[in-house]
Amino acid sequence: MRIHIVWDWNGTLFHDMEAVLGASNAAFATIGIGPMTMEEYREQYEIPIPRFYQRLLGRLPSDDEWLRLDDAFHDHYRELSAACALTDGAVELLSGWRAAGHSQSLLSMYEHEKLVPVVDGFGLTPHFLRVDGRSGPSGGQKAEHLTRHLAALGEHVDPARTVLIGDAADDALAALNAGAHAVLYTGGSHTRAKLELVGVPVVDSLAEAVELAGLIAA
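Rules used throughout
- Residues numbered from 1 in each chain as written.
- Predicted model: local features only at pLDDT ≥ 70, side-chain atom pairs only at ≥ 80, totals over all residues.
- Heavy atoms only, no water.
- Helix = DSSP H or I, 4+ residues; strand = E, 2+ residues; numbered from the N terminus.
- Buried < 20%, exposed > 50% of the residue type's maximum accessible area, 1.4 Å probe, protein only.
- Contact = heavy atoms within 4.5 Å.
- Areas by Shrake-Rupley, 256 points an atom, 1.4 Å probe, with all protein chains shown as cover.
- Lys, Arg positive; Asp, Glu negative; His and termini not counted.
- Charge placed at Lys NZ, Arg CZ, Asp CG, Glu CD.
- Pairing = 2+ DSSP bridges.
- Salt bridge = Lys/Arg side-chain N within 4 Å of Asp/Glu carboxyl O.
- Core = buried A, V, L, I, M, F, W, Y, C linked by side-chain atoms within 4.5 Å.
- Phe/Tyr/Trp six-rings, centres within 6.5 Å; stacked < 30°, edge-to-face > 60°.
- Axes fitted to C-alpha atoms, helices over the stretch in contact; angles between N-to-C directions.

On to the overall build of the protein chain. Across its full length, the protein chain carries 10 helices and 8 strands. Here the protein chain holds 218 residues, and 49% of them are scored as buried. Long-range contacts, defined here as pairs at least 24 residues apart, represent 65% of the contacts in the protein chain between residues at least 6 apart. Accessible surface for the protein chain amounts to roughly 9800 Å². Of this, 54% is attributable to carbon and sulfur atoms. The distance from the centre of the 16 positive side-chain charges to the centre of the 30 negative ones in the protein chain is 4 Å.

This is how it looks when you write it as structure tokens:
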């Protein structure tokens, strides 16, 4: 069976960290948290997101605070992300992997109804067997979404020959939970030091990630 890659979107294929930081700082302001630099954000960021806010506040946000944070983030992210582009080399890597006879899909924790038109707008949809965004509340973890994603792909994909390429520790934990492999990319939400704690390969480019995917799931 061919090797399958499940791609993460935000911070992986989509180079949107400036938008994420700007939207996060706008959200922080709604509950009195000062702005962060990119490095500070990447050192502190954690999934599930309420735990990230707990780290900043010293306590879990109240229900009202969570709603304010979530609404402010998504309102500002929608505006700021319009100026963001794909990660360098992403299109060529997607095309090359497909041309080599392998398969790939996209799974994001960005809301499904918002994700699909963005992916389609970049002309990427034909590269994927399936494109899935988050359904249900925001702020959670990817494991159950990946399980459903792989189940929906059915006989086309063997989890043992599947590699999830993402930018967060949670991506790797989801993959391991599903019996798949993971490669983590340092260009997104986490520092290399935080990613290395998970115990899966960590790379500095998507090209390295694809190369490794072909080796570890062969």
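Quick look at the pairing of strand β1 (residues 4-7) now. Going residue by residue along β1, you find H4 and V6 tucked away on one face and I5 and W7 tucked away on the opposite face as well. Both β1 and strand β6 (residues 162-166) contribute to a ladder of 4 bridges, which runs parallel. Bridge pairing in β6 places I5 opposite V163.

Before going further, it helps to spend a moment on the side chain of H74. Here H74 lies in helix α4 (residues 63-80). Those residues in contact with H74 that sit more than four places away from it in its chain are R134 and S138.

On to the pattern of salt bridges. A full pass over the atoms with the stated rule returns 13 salt bridges. When the shortest N-O distance is used, the salt bridge between R192 and D204 registers 3.0 Å. One end of the pair, R192, is in helix α9 (residues 192-196); the other, D204, is in the loop between β8 (202-203) and α10 (206-216), and 12 residues separate them in sequence. On the basis of relative accessibility, which here comes to 31%, the residue R192 falls in the partly exposed class. On the accessibility criterion, D204 (47% relative accessible area) is partly exposed.

A169, D170, D171, A172, A174 and A175 are the residues of helix α8 (residues 169-177) that are buried. Next to the buried residues of α8 lie α7 (143-153), β6, β7 (181-185) and α9. One or two residues past the end of α8 sits G179, with phi positive at roughly 80 degrees.

Let's shift gears to the nonpolar core. Nonpolar side chains in soluble globular proteins tend to be buried together. Residues W7, W9, L13, L106 and F128 are the most contacted members of the largest nonpolar core, which totals 50 residues. By residue number, the principal contributor to this core is helix α1 (residues 17-29), which donates 7 residues. Discounting residues that sit within four places of it in the chain, F128 has contacts with W7, L13, L94, Q104, S105, L106 and V119.

Remark: the centre distance and the inter-plane angle together describe each pair of aromatic rings, the angle taken between the planes. Per the counting criterion, the structure on display carries 12 aromatic pairs. Here F28 and Y53 contribute two aromatic rings whose centre-to-centre distance is 6.3 Å and whose plane-to-plane angle is 90 degrees, an arrangement assigned as edge-to-face. Placement of F28 in helix α1 and of Y53 in helix α3 (residues 49-57) is noted, with a sequence separation of 25 residues between them. Y53 sits in the buried class, given a relative accessible area of 5%. Arranged with centres 5.5 Å apart and planes meeting at 75 degrees, the rings of Y77 and Y110 form a pair that is edge-to-face. Of this pair, Y77 sits in helix α4 while Y110 sits in strand β4 (residues 103-111), placing them 33 residues apart in sequence. With respect to burial, Y77 and Y110 carry one shared label: buried.

Further remarks concern the sheet that holds strand β5 (residues 131-134). One open sheet accounts for 6 strands, arranged β5-β4-β1-β6-β7-β8; its pairing is parallel. Whereas interior strands pair on both sides, the edge strands pair on one side only; in this sheet they are β5 and β8. Here 3 bridges tie β4 to β5, and the two strands are oriented parallel to one another. Note on β5: the bridge partner recorded for L107 is D132. This element, helix α5 (residues 90-99), spans β1 and β4 of the sheet and lies at about 140 degrees to β4. This element, helix α6 (residues 112-121), spans β4 and β5 of the sheet and lies at about 130 degrees to β4.

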